[in-house]
Amino acid sequence: MMDQDELVTVFVEESVEHLETIEPDLLKMEETRESVDPGIVNSIFRAVHSIKGAAGFFGFNNIGPLSHRMEYLLLNDQIFFIRLYL
């Protein structure tokens, strides 16, 4: 069984991996603003949601509000694009 320090290390490693996928996806969204792939929005949303969930588990409360805001913006953006494509 892992101790708290080992778990936090895994959290940081996984968060870095998520952030490494979020950044290029955000850049793709910026480049293709007129026709953003909803899959990219979903990928970013899932990565942010994963970081938020794990951060909450550890009590890293400063991450929550930022994650909630990002999810809100992504969800609204996704709803906008879904409506656009219907």
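To be clear, the structure that these remarks concern was listed above.
Our subject in this report is the structure included herewith. Computed from a predicted structure; not experimentally measured.

1. A word on the side chain of Ser67
Consideration 1: Here Ser67 lies in helix α3 (residues 63-85).
Consideration 2: Residue Ser67 is classed as buried on the basis of its relative accessible area, which comes to 4%.
Consideration 3: In contact with Ser67, other than residues within four places in its own chain, are Val48 and Lys52.

2. Describing helix α1 (residues 4-31)
Consideration 1: Taking 1.5 Å of rise per residue, 28 residues should cover 40 Å, and α1 covers 41 Å from first to last C-alpha, within 8% of that figure.
Consideration 2: For α1, the full list of buried residues reads Phe11, Ser15, Ile22, Asp25 and Met29.

Criteria and thresholds
- Residues numbered from 1 in each chain as written.
- Predicted model: local features only at pLDDT ≥ 70, side-chain atom pairs only at ≥ 80, totals over all residues.
- Heavy atoms only, no water.
- Helix = DSSP H or I, 4+ residues; strand = E, 2+ residues; numbered from the N terminus.
- Buried < 20%, exposed > 50% of the residue type's maximum accessible area, 1.4 Å probe, protein only.
- Contact = heavy atoms within 4.5 Å.
- Expected span 1.5 Å × (residues − 1).

Such coordinate-based values are descriptive only and should not be taken to indicate function.
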